[in-house]
Amino acid sequence: MENADCPTEGDPLKREQDGVETGTVTGLRKKGVLALSKRTHWQTALFFLSLFLCLTIVFAFSFIIPCPVRPQYSVTWSRNFAGAAAAYDFLAIEDANKDKVMDVLFVIKGTEGSLNNTCGGAGLSSPCVFMVAVDGTDGETLWERPLNSELNWVQCGLGEDSGRSWNCLLSHSDQLSALDKQKGEVRWLQPHPVGVRSVAPVLSVPDLDGDSVGDIALLASDSVNTHLIFLSGKTGSQIGSSALLNSTQTANHLLHCPSKSSYYLLLQKDTGLYGLGLWRPAAEAGLKVKLGKDKHLEKMASMSTGLVPVYLSDSVEKVVRTNQADDSSDLLLVTAQEVVMLSGKSLQPLWSFNITSVLSEPSFGYFNKDEIRDVVIEDDAGNGTKRVVIVDGKSGRVLWEVNLLASPNSPPPACIHTTNTYSVFMIWGLFLAGRNSSVELADHRRSYMMHPLHSQVLLESNNTADNIVAFKATLLERGRHAAYILLTGPAMEGDKENKKSVDLSKRKLKQDVGESTVLPLGTSAVMESVEEIKEDFNRLRFSDH
């Protein structure tokens with residue numbers, strides 16, 4: 001039986017009695033469906049319109065604003081500079097044409113450049129000095145600038161983050177020339193200070209004259225004293241008066257920042273290494289600029305001279321940074337009997353390592369995973385051989401070593417960092433084990449690569465070069481393209497025994513892997529598969545740090 005209280009389709013009269021007409025309900029339903037249908041059509045139209053706009057934007061950016069194209073570079077290239085009579089021991093790696101690939105800057109001496117520039121055409125006596133920039137991708141000349149001879153020294157990359165309008169500074173023919181690395185234009189030219197006998201390479205210092213451009217400090221010596229002269233980075237003009245540093249000659253110098261905004265000159269004298277707060281000579285020069293002081297170092301400073309004794313020795317040869325990009329990094333001090341690691345903050349010795357005689361400037365790379373740079377030292381082993389040692393940067397203990405035939409004019413060791421916290425170490429010489437051929441010994445210089453994961457073997461390159469004047473291993477792109485640059489030729493003009501011309505060449509580091517010979521170090525070395533070793537080298541990814 002049907003429920004009388006519940007109207008159904010079979011009882012339309014009952015529904016009418018309840019006050020709701022059937023036609024009215026049906027009309028409302030039709031209006032709701034129509035409104036929903038219209039709203040759905042509008043939503044669909046909006047969706048397709050949005051999709052059309054998105055596709056339009058994608059295609060516009062794809063064709064109108066294309067994605068940046070990475071520069072195409074040659075794996076290896078070589079340039080010959082037949083008009084050059086000599087080359088100088090200098091190579092700078094800079095991005096000179098803003099294509100994000102590093103370029104090569106170097107200096108040669110001759111009568112004519114590679115772009116038909118001549119000394120006479122520039123109003124200079126012949127021969128003159130040419131500073132040249134070549135493209136890192138293919139070795140083509142970007143620019144060259146003829147300058148007066150003779151060249152004393154050249155520095156590049158000074159204070160680029162401080163807004164300077166120049167990038168390289170050359171001391172030549174009693175002049176200082178500041179060059180722009182993009183075009184090779186002379187930004188300013190100043191004579192050497194009057195009354196000095198020699199000037200040392202400059203120091204990049206903070207802005208001292210308030211023109212928002214970093215300035216430079218120049219060490220100049222007369223027959224008795226060493227002076228510090230401040231020059232404007234913007235114009236090259238002298239700022240203030242000269243400051244007297246000491247009554248004896250200073251053999252070398254370095255600017256160090258042990259703590260925030262506190263700059264100290266590290267002066268190498270005949271009695272050792274000394275520190276001097278930059279604020280002292282700046283005040284003596286009459287410059288009213290606020291420079292920081294390190295409380296720890298100032299407590300040890302002499303009341304009369306202001307010098308801080310860092311390391312007393314009569315045989316200090318050089319001081320180098322463990323990280324060239326960090327002016328507060330630890331320092332390695334080389335003497336005639338030992339190398340000493342100095343703390344970058346306190347300038348106190350951390351460890352020392354005994355040597356016979358260091359043959360080249362030490363290099364720094366990562367042999368283990370403690371993220372502290374280790375030291376590569378070439379020590380004289382006697383009888384024409386050298387001992388290449390990798391010393392732990394944390395403790396000073398020996399991590400790895402090998403004996404090689406020491407060839408004169410061999411480049412110093414180099415390191416290229418990888419993304420797995422290790423470095424590839426590159427050394428020059430001749431591995432003697434297993435060699436008994438006089439023909440092989442006659443060619444007594446090869447390049448070798450060693451990776452800490454395969455420290456029991458060396459990769460010996462079959463590519464050799466004679467008369468190497470300058471060498472640098474580096475990355476030509478950020479985080480990639482490890483390569484080495486060689487500048488070869490006569491190192492001095494008038495070398496009649498050397499008739500070879502000046503050559504500049506680039507070779508990709510991995511290019512040498514496939515053509516190299518894998519040499520085991522010692523009879524107890526565990527030889528892995530040659531193919532596996534080379535494959536591990538080819539899989540390396542490089543890092544800037």
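A short tour of the structure in this document, coming up.

### A few points about the state of the cysteines
Taken as a whole and judged by the stated rule, the model has 2 disulfides. Residue pairing for Cys156: its cysteine sulfur links by disulfide to Cys168, the two sulfurs lying 2.1 Å apart. On the sign convention where negative is left-handed, the bridge of Cys156 and Cys168, at about 110° about the S-S bond, is right-handed. Of the two residues, Cys156 sits in strand E7 (residues 151–156) while Cys168 sits in strand E8 (residues 168–172), which places them 12 residues apart along the sequence. No difference in accessibility class separates Cys156 from Cys168, as the two residues are buried.

### Remarks on the side chain of Arg373
Looking at the secondary structure, you find Arg373 in the loop between strand E24 (363–365) and strand E25 (374–382). Of the polar contacts made by the side chain of Arg373, one reaches the side chain of His417; its length is 3.1 Å. For Arg373, the residues in contact, after removing those within four places along its chain, are Thr322, Asn323, Phe364, Gly365, Tyr366, Gly393, His417 and His545.

### A closer look at the sheet that holds strand E29 (residues 423–429)
As summarised here, the arrangement of the 5 strands in space is E28-E29-E30-E31-E35, forming an open sheet in which the pairing is antiparallel. Lying at the two open borders of the sheet, with one neighbouring strand each, are strand E28 (414–417) and strand E35 (517–520). Ignoring which end each strand starts from, the neighbouring axes of this sheet average 30° apart.

### Examining unusual backbone geometry
Here the bond from Ser126 into Pro127 is cis, since omega is 0°, no more than 30 degrees from zero. Tracing the chain through its elements places Pro127 in the loop between strand E4 (103–110) and strand E5 (128–134). Residue Glu150 follows Ser149 across a cis peptide bond; omega there is -5°. Within the secondary structure, Glu150 is located in the loop between strand E6 (141–147) and E7. Positive phi values are uncommon outside glycine, yet Ser212 reaches one of about 65°. Mapping Ser212 onto the fold places it in the loop between strand E12 (203–205) and strand E13 (215–221). The backbone of Thr421 sits at a positive phi, close to 70°, despite the residue not being glycine.

What counts as what
- Residues numbered from 1 in each chain as written.
- Predicted model: local features only at pLDDT ≥ 70, side-chain atom pairs only at ≥ 80, totals over all residues.
- Heavy atoms only, no water.
- Disulfide = S-S within 2.5 Å.
- Helix = DSSP H or I, 4+ residues; strand = E, 2+ residues; numbered from the N terminus.
- Buried < 20%, exposed > 50% of the residue type's maximum accessible area, 1.4 Å probe, protein only.
- Polar contact = N/O pair within 3.5 Å; in protein donor to acceptor, adjacent residues only side chain to side chain.
- Contact = heavy atoms within 4.5 Å.
- Pairing = 2+ DSSP bridges.
- Axes fitted to C-alpha atoms, helices over the stretch in contact; angles between N-to-C directions.

None of the figures reported here should be taken as evidence of function without further support.
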